[in-house]
Every structure is written in structure tokens, then in C-alpha cells.
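Per-entry structural report
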Amino acid sequence: MSRVSQPWPPVAVEPAVPHPKAPEPGTELGVHFSECFGCGDEADAGLHLRSTVGEGQVIHSRFTVTAAHQGAPGLAHGGLLACAFDEALGSTVGNLMRRPAVTGKLETDFRRPVPVGSTLFIEARLDGIAGRKIYVSADGRLDAEDGPIAVSARALFIVVGFEHFSTHGDPQALDKLAAQHEKNKQRQREERDWDINP
């Protein structure tokens with residue numbers, strides 16, 4: 001039986017133009033929330049995904065599979081691979097579009113096993129927008145930026161207002177996030193002062 005591929009995006013879209021204040025290509029992206037399972041540094045068994053802005057509408061992310069991420073012996077758990085792609089795609093939307101958005105749909109295609117100890121090089125890109133819908137897709141290559149594709153994904157993110165997080169999220173976690181952002185802004189101001197007045 002042959003598989004029929006559905007068009008992506010599945011609807012007419014406008015080009016997804018990155019926000020004027022989106023980070024420049026080459027920028028190493030920081031952790032958006034220290035307790036995030038995907039990119040945070042406080043989640044011991046988390047994914048610790050690291051990302052860099054690429055040219056055009058692309059974010060490059062890296063995820064190294066550890067023993068804590070395995071499903072079958074010696075192989076990455078499929079759900080954790082989907083989580084890594086959700087994080088990489090969400091980082092692409094958040095950093096390039098600079099609009100709060102949540103995952104509406106995530107589809108993953110597992111093409112080859114991803115062993116413990118290997119690194120997935122994920123290239124995520126903006127595919128288009130339609131109203132509040134942002135379409136993104138990604139390929140994950142095994143152990144090198146030009147390695148074989150092990151996993152592909154595509155997702156639909158929905159732009160939401162801040163009230164989505166304040167209504168449904170944990171107020172203490174939101175306070176911690178706000179404090180973290182203020183600390184990051186202060187660090188950036190200090191770095192700019194250093195550049196201006198060496």
C-alpha cells in the first residue's frame with residue numbers, strides 16, 4: 001500500500017515573515033524557561049535542547065540522546081523524540097515570530113532508529129501563516145548536519161494571548177519566568193554597556 005502525502009501547509013497561507021526584532025542569524029538562543037523539559041537547565045532528565053538562529057526562516061537545534069531518554073533498550077523513546085521536535089518547532093515560532101503560541105497539532109514521521117549517545121541535528125523552518133495559525137516543519141538528521149534524516153515533523157501552532165498562560169498556568173511558575181526574563185534583560189543591558197564603554 002502506498003502512502004499518500006498530504007500537502008503542507010494544508011491551506012492557503014501567507015509568507016511567515018520573521019519579526020523585525022527576531023534574533024540575527026548565528027545567535028545562540030538561551031533557555032526560554034529554566035524549568036522547561038525541552039530546553040531548561042533545571043530538569044535533570046530533560047532534553048537540554050540547544051538552538052541557534054540560521055539564515056532565512058530557520059532555527060537549528062541539537063538534541064543528544066541519553067540513557068534517560070530511551071524507550072527500547074539503547075534507542076530513543078518515540079515520545080521524547082516528538083517532544084524534542086515540539087520544542088524545536090516552538091522555538092522557531094517563538095523566536096522568529098515573537099508571538100506567544102501553543103502547539104495545536106504535531107505530526108512526526110520516524111524514518112530510522114535514533115540510538116542512545118547519538119545527536120539529532122534538527123532544522124526547523126517557518127512554512128506560512130493563516131490568521132492565528134502558524135505552520136512549521138522540521139527534519140532531524142542523525143549525528144551530523146548533513147547526516148541521514150531520522151525524524152521529520154510538521155506542526156500547527158496557534159497564536160494566543162498572555163491570558164492563556166495566566167488563566168491555565170501556575171502563578172508561581174509565571175512569577176519565576178518573569179523574574180528570569182528581567183534578569184536576562186539586565187544582563188543584556190550590562191553587555192551593551194560594556195560594548196559601548198570598553
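Sequence positions are assigned chain by chain, starting from 1 and proceeding in written order. Local features in a predicted model are, by the rule used here, given only for residues with pLDDT of at least 70; side-chain atom pairs are given and counted only at 80 or more, and totals for whole chains, interfaces and linings are based on all residues. Hydrogens and water are ignored here; the side-chain numbers use all heavy atoms of the structure.

What about the overall build of the chain?
This is how it is decided: Each helix corresponds to a stretch of at least 4 residues labelled H or I by DSSP, and each strand to a stretch of at least 2 residues labelled E; elements are numbered beginning at the N terminus. Remark: exposure states derive from per-residue accessible area (1.4 Å probe, protein chains only) relative to the maximum for the residue type, with buried under 20%, exposed over 50%, and partly exposed in between. In what follows, a contact means two residues having at least one pair of non-hydrogen atoms within 4.5 Å.
Each helix and strand counted, the chain has three helices and seven strands in total. Ordered by position from the N terminus, the helices and strands of the chain form the series β-β-β-α-β-β-β-β-α-α. Buried positions account for 34% of the 198 residues belonging to the chain. For the chain, long-range pairs separated by at least 24 residues make up 64% of all intrachain contacts whose partners lie at least 6 apart in sequence.

A closer look at the sheet that holds strand β7 (residues 149-159)
This is how the line gets drawn: When DSSP finds at least two bridges between two strands, those strands are taken to pair.
Here we have seven strands laid out as an open sheet, ordered β1-β2-β3-β5-β6-β7-β4, and antiparallel in their pairing. The sheet terminates laterally at β1 (28-29) and β4 (101-110), the two strands that pair on one side only. Of the strand pairs in this sheet, strand β6 (residues 133-142) and β7 are connected by nine bridges, and their pairing is antiparallel. Among the inter-strand pairings, Asp139 is bridged to a residue of β7, identified as Ser152.

A look at the pattern of salt bridges
Rules: The salt bridge criterion pairs a side-chain nitrogen of Lys or Arg with a carboxyl oxygen of Asp or Glu, the two atoms within 4 Å.
Counted according to the given criterion, the structure contains four salt bridges. Where Arg62 meets Glu28, a salt bridge forms, and the shortest distance between an N and an O atom there is 3.8 Å. With Arg62 in strand β3 (residues 58-64) and Glu28 in strand β1, this pair connects stretches of sequence that are 34 residues apart. A residue is classified by how much of its surface remains accessible, and Arg62, at 28% relative accessible area, is partly exposed. Between Glu123 and Arg125 there is a salt bridge, with the nearest N and O atoms lying 3.9 Å from each other. Residues participating in the shared-partner salt-bridge network are Glu123, Arg125 and Asp139.

Regarding the side chain of Arg154
Mapped onto the elements of the fold, Arg154 is located in strand β7. Assessed through its relative accessible area of 16%, Arg154 is described here as buried. Apart from the residues within four sequence positions on either side, Arg154 is in contact with Gln6, Pro7, Trp8, Lys105, Leu106, Glu107, Val136 and Ser137.

A look at the side chain of Asp139
For Asp139, the position within the fold is in strand β6. Residues contacting Asp139, with those up to four places away along its chain left out, are Phe85, Phe121, Ile122, Glu123, Arg125, Ile149, Val151 and Ser152.

Regarding the nonpolar core
So the rule is basically this: As used here, the term nonpolar core means buried Ala, Val, Leu, Ile, Met, Phe, Trp, Tyr and Cys residues forming a set that is joined through side-chain atoms within 4.5 Å.
Leu89, Val114, Leu120, Ile122, Ile134 and Val136 are the most contacted members of the largest nonpolar core, which totals 35 residues. Among the elements of the structure, β3, α1 (78-97), β5 (119-130), β6 and β7 are those that each provide at least two residues to this core. Considering each element in turn, this core owes the most residues, nine residues, to α1. Not counting residues within four places of it along the chain, the set of residues in contact with Ile122 comprises Leu49, Ile59, His60, Ser61, Ala84, Phe85, Ala88, Ala138, Asp139 and Gly140.

Topic: the pairing of strand β2 (residues 50-53)
Pairing of β1 with β2, which is carried by two bridges, proceeds in the antiparallel orientation. Its bridge partner being in β2, Leu29 is matched across the sheet by Ser51. The pairing of β2 with β3 spans four bridges and is antiparallel. Across the sheet, Ser51 pairs through a bridge with Ser61, a residue of β3. A loop of four residues connects β2 with β3, the two strands running antiparallel in sequence, and Gly56 in this loop sits at a positive phi of about 70 degrees.

So yeah, pure geometry; function would need other evidence.
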